[in-house]
Amino acid sequence: MALLRFAVFRFLTMLATLVVVSVLVFLIITLPPGDYLSNQINELRATGQSAGIAKAEFLRAEYSLDQPLYKQYLIWAGFMPGPHGFAGLLQGEFGWSFEFDKPVADLVGGALWMTVLVNLAAVLFIYAVALPLGILAAAKSKTWVDYTSAFVGYLGLATPNFLLALILFYYGNRYLNLPIGGLMDPQYEGQPMSFGKMKSVLIHLIIPTFVIGTSGAAAMMQRLRANLLDELGKPYVETARAKGMSEPRMLTKYPLRVAFNPFVADIGTLLPSLISGSVLVSVVLGLQTIGPLLLSALKSQDLFLSAFVLMFVALLTLIGTLVSDLLLALLDPRIRFGGRER
Amino acid sequence: MTALLTVKNLSIGFGTDAPVVEDVSFTVEAGKTLALVGESGSGKTLSCRSALRILPAAAQMRSGSIVLCDREGGHPIDLMALSEKKMQDIRGNRVSMIFQEPMRSLSPLHRIGNQVSEALKLHRDFDAAERKKRVLAMFERVGFVDPARVYGSYPFELSGGMRQRAMIAMAMVGRPDILIADEPTTALDVTTQAQVLGLIKDLQAEYGMAVVLVTHDLGVVANMADDVVVMNRGRVMESGPAELILGDPQHPYTKDLMAAAPEIPATPADRPDEADRDYILEMRDVNKTYILKGSAPWKPKTVVNAVRGVDFGVERGKTLAVVGESGSGKTTCARMALGAERADAGASILFRETAGSEPVNLQDLDGDARLKFQRKAQMVFQDPYSTLNPRMRVKDALCEPLEIHGIGSPSDRIDRAVEILKWVGLNENMLTRYPHAFSGGQRQRLSIARALMLNPILLVCDEPTSALDVSVQEQVLQLLEDIRDRLNLSYLFISHDLAVVARIADEVAVMRSGLVVEQGPPEQLFYNPKHPYTKALIAAQPEPDISRPIDLKIVAQGAGSPSSWPEEFRFVGADAPPLTETDPGHKVRFHV
């Protein structure tokens, strides 16, 4: 019951945070002088093409870019009616991408799910690799198992991701016949989901997951190992041994539970760092995620597109921290009963 | 006389170094208590853990034999040769163990009931209901008022003494033949210690198990042991029946240990006449309340009365000792005496630099006045291991206070550091070393040296010896006394140990839950204690004399909740009775 109240409370603060983030995002994007349309108008004027100017001026008025900044924000967020009534984020209208000349929603739609898919796969990969290796390295610390896993880990950290991507593409294609680039075979693009499409997507996911996840897995493995080693020196471990527990059982029941906290707390920060970190990889691998979209939108000051992508990343972060907070409270009674502790 | 556990010629070493435990032999007899006595580093802990083979990974048992028999003295098993798997059947089943730090010896994330019943789950074929029944019965036996609640609690919800009881329940629930207790009460308050020791003794009488008690405290030994093994530097110095070893020690090391054990002296000393009191520090009407936030914004805040109506003074050149258990508010008093914490409004904490000079009220110090005060009042902390910056050389640590206050040139500062080091019994070639190169006692000397660098006139000592071995404690107390008399310092001395206080204090205030319950000169307080809590503190003090065992009844009554005190001392609701003077200078909190 207390947990439920905590969850509701955390959810409300998350909404408040989201509003603050939206202000910041909007402010930062509009901070540099000019915007996509005024840049375009200037360019058209300079080359004397007056036909385009009218359209650009029309778009400016249509999307209220001629209004003061705070009104622009309120209209974009959907707190205030624009020229066509309420049509902002709150109402599910994400705006217009000037660069691609399409509604943001159409542009981003498929990429959004692909982003979630790729990053979810990477997160699962990170946890699946880091958990057993980290435990093994701590349990067998200062043996060849530990040294080998540390060496592989450091290799993973030190190799630039895009380089790893190119190498894996080459050998993966040559020996395992893995596809190069993209997230599915071209014939499935734009098709509804089917068994064949799913299989194709999964096969295409193998290399990106590996590439995006390696460094994260290496870092997390080292962190888990260090945490676990700390815990192994604590007196309660000795108590468990003196009770007559076998080593593996003792390890998984006691120190691992405690060492798990930072692991869970990482969920929140893992998602955004994966998304922003994987932009380069996505470009190199030709993945249709929102990473490359964000990059070009920011370069061309495409206001609504970049704002939407940034809001999306922020939302993922907040959901991640919400999930990890709730999990932590479930896992650790000291957090759950924090108020009772003296 | 049946030997349960026989350790013969045991040697333990690390790597290729010389052994740290050498040629140690002892025998644990069924139903008896064997005490392994020694200071830290004597190898007593390694020796006792070798019986369970839970030594640090790098330690090797090099030679000797450890043989475990059943209660009839038959079926000997060589524990050194046993496979790890079979060893797990011994641990927690036939031989179980409790540890020094009850705060950290239980997993913080698992419920007490889960951790305790695990011992049964590992070694007995009971079903879940039967396990729980037995654990609850054991909880009741170790003195939990509400076993079912404890079963579902987490360790952080219990106090230190309660956790140690839970540990004992965990060790005892499997009905072991041998209970190994490694400094089981060192981390506890003296009254809690007395109760836990009493519990172990009762359980032993009831279940007939043998106890191996590892301790550095001869007082504990005298109360518990049938046989004693005195260890020093990994070797057995002397062993034999307790009455012989404590009554007539033969080995010089045992004699030294006996001499160093602090004791409440047996005859009262004469008290000099009352003169006009010259207080260097006065704390009048001091209250301190903390407001704890609720766990969530809508939860109510809790108000904690850490210190209530404290009213005492430190005389110039004298020592005022504040004694109490953890949570009694004594450290809060120390912090307020240094201006590190502000008391609630209405308090006056007055500091007089010289006799008769205009007092400074620490309550409203600011800027320069505070800086000036800080030069005159310094603190010596409890834990010498964590109060020295491990990355600063002794020289830098000592000179830093002078640098902060801009006193002297760099070479003056070094000269002063050399001088002070001599005062505290260290020498000047130690100046370039780092703290890790010093032992606990030497570090505490360094802490004292650092406090003296600014030439203060008031020292606040917060449990300066409670982290030290007895013989080192003795030396540090001697040093504190010497420099007090030599430099005419005044001490506010915080401690939980009455025996330490008996030696150094000119006036003692006993605190319980934020209140001073009794206050007076030590000779009055120790020979004519009035308050049940003071009586409990004195009774709980283990004496290294078999003929003076701890009287648990007095301890239990005085250390219990105020409602268990005799009528005239009880609280009315939350209000305590007033502090009333019974003899000149001797105040007791009771209803007249």
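Residues numbered from 1 in each chain as written. Chains lettered and ligands numbered in written order. Predicted model: local features only at pLDDT ≥ 70, side-chain atom pairs only at ≥ 80, totals over all residues. Heavy atoms only, no water.

## With respect to the overall build of chain A
So, step 1. Helices and strands together make up the secondary structure of chain A, namely 16 helices and two strands.
So, step 2. Dimensions of chain A along its principal axes, counting C-alpha atoms only, are 85 × 60 × 40 Å.
So, step 3. The 342 residues of chain A split such that 44% are buried.
So, step 4. As displayed, chain A has an accessible area near 17400 Å², and 69% of this comes from carbon and sulfur atoms.
So, step 5. Both charge centroids of chain A, one from 25 positive and one from 21 negative side chains, sit 13 Å from each other. (Helix = DSSP H or I, 4+ residues; strand = E, 2+ residues; numbered from the N terminus. Buried < 20%, exposed > 50% of the residue type's maximum accessible area, 1.4 Å probe, protein only. Areas by Shrake-Rupley, 256 points an atom, 1.4 Å probe, with all protein chains shown as cover. Lys, Arg positive; Asp, Glu negative; His and termini not counted. Charge placed at Lys NZ, Arg CZ, Asp CG, Glu CD.)

## Topic: the interface of chain A and chain B
So, step 1. Each side of the interface is counted separately: chain A has 28 residues, and chain B has 36 residues.
So, step 2. Interface area, chain A with chain B, both sides summed: about 2900 Å², of which 62% is carbon and sulfur.
So, step 3. For the chain A face of the interface with chain B, the top three residues by lost area are A:E238, A:A242 and A:K243, together amounting to 20%.
So, step 4. Here chain A and chain B share three salt bridges between them.
So, step 5. Note that B:R49 and A:E238 form a salt bridge whose closest N and O atoms lie 2.3 Å from each other.
So, step 6. Counting every contact that joins chain A to chain B gives eleven residue pairs in polar contact (both at pLDDT 80 or more).
So, step 7. Secondary-structure elements contributing two or more residues to the side of chain A that touches chain B are α1 (2-30), α9 (235-242), α10 (247-253), α11 (255-265) and α16 (333-336) of chain A.
So, step 8. Broken down by element, the residue count for the side of chain A that touches chain B peaks at six residues, all from α9(A).
So, step 9. The class makeup of the residues in the side of chain A that touches chain B is nine nonpolar, four polar and 15 charged. (Contact = heavy atoms within 4.5 Å. Buried area = accessible area lost by both parts, 1.4 Å probe. Salt bridge = Lys/Arg side-chain N within 4 Å of Asp/Glu carboxyl O. Polar contact = N/O pair within 3.5 Å; in protein donor to acceptor, adjacent residues only side chain to side chain. Nonpolar A, V, L, I, M, F, W, Y, C, P; charged D, E, K, R; others polar.)

## Looking at the pattern of salt bridges
So, step 1. Considering all chains together, one arrives at 35 salt bridges over all chains under this definition.
So, step 2. Between A:R225 and A:D146 there is a salt bridge, and its shortest N-O distance comes to 2.8 Å. With A:R225 in helix α8 (residues 195-232) and A:D146 in helix α6 (residues 144-158), the pair connects residues that are 79 residues apart, well separated along the chain.
So, step 3. Of the charged contacts in the structure, one is a salt bridge between B:R316 and B:D278, with a shortest N-O distance of 2.7 Å. A residue pair is termed long-range when its members are at least 10 positions apart, and B:R316 in the loop between β12 (302-315) and β13 (319-324) and B:D278 in the loop between α10 (252-260) and β11 (279-292) qualify at 38 residues.
So, step 4. Sharing partners across several salt bridges, the network here consists of B:E282, B:R284, B:D311 and B:R352.

## Notes on the domain arrangement of chain B
So, step 1. Along its sequence, chain B is carved into domain 1 (103-175) and domain 2 (279-385 + 458-528).
So, step 2. One C-alpha centre belongs to domain 1 of chain B, the other to domain 2 of chain B; they are set 38 Å apart. (Domains from an automatic or database assignment.)

## Looking at the sheet that holds β11(B)
Residues and elements named next belong to chain B.
So, step 1. Strands sit in the order β12-β11-β14-β15 across an open sheet of four strands; the sheet is antiparallel. With one partner strand each, in any of the chains shown, β12 and β15 (360-361) form the two edges of the open sheet.
So, step 2. Both strand β14 (residues 348-351) and β15 contribute to a ladder of two bridges, which runs antiparallel. Along β15, the bridge assignment pairs F351 with V360. (Pairing = 2+ DSSP bridges.)

## A look at the packing of helix α7 (residues 161-175) of chain A against α8(A)
Between two packed helices, the angle of one axis relative to the other and the distance separating the axes together describe the packing.
All names here are of chain A.
So, step 1. At a minimum axis separation of 9 Å, α7 and α8 run at an interaxial angle of 145 degrees. Here α7 and α8 pass one another in a crossing that is right-handed. On α8, the residues touching N161, L164, A165, L168 and F169 of α7 are I207, F210, V211, T214 and S215.
So, step 2. Residues that form the contact of α7 with α8 fall into these classes: seven nonpolar, three polar and no charged. (Axes fitted to C-alpha atoms, helices over the stretch in contact; angles between N-to-C directions. Left-handed = near helix turned anticlockwise from the far one by under 90°.)

## Side note on unusual backbone geometry
Residues and elements named next belong to chain B.
So, step 1. Even without glycine at this site, N455 takes up a positive phi of about 60 degrees.
So, step 2. By the secondary structure assignment, N455 is in the loop between α15 (440-452) and β17 (458-462).
So, step 3. According to the relative accessible area criterion, N455 is partly exposed, its value standing at 45%.

## Some words on the environment of B:R589
Residues and elements named next belong to chain B.
So, step 1. Within the secondary structure, R589 sits in strand β22 (residues 586-589).
So, step 2. Measuring from C-alpha to C-alpha, the distance between R589 and V314 comes to 20 Å, with 275 residues separating the pair along the chain.
So, step 3. Apart from residues lying up to four places away in sequence, R589 is in contact with G309, L515, V516, V517, H531, F569, A576, P577, P578 and L579.
So, step 4. Of the polar contacts made by the side chain of R589, one reaches the backbone oxygen of P577; its length is 3.0 Å.

## Let's talk about empty space enclosed by the protein
Regions of empty space are outlined by a rolling probe, equal in size to a water molecule, passed over the atoms.
So, step 1. In the structure shown here, the tally under the stated rule is seven cavities of 30 Å³ or more.
So, step 2. Approximately 70 Å³ is the volume found for the largest cavity.
So, step 3. A:T239, A:A242, A:K243, B:G92, B:S96, B:M97, B:A119, B:M167, B:M170 and B:A171 are the residues that line the largest cavity.
So, step 4. Examining the composition of the lining of the largest cavity, we find that three residues originate from one element, helix α6 (residues 160-172) of chain B, more than from any other.
So, step 5. For the lining of the largest cavity, the class distribution of residues is six nonpolar, three polar and one charged. (1 Å grid on protein atoms, 1.4 Å probe; cavity = no way out; pocket = protein on both sides within 12 Å on 5 of 7 lines; lining within 4 Å. Points joined across faces, edges and corners; volume = space filled by probe spheres on them.)

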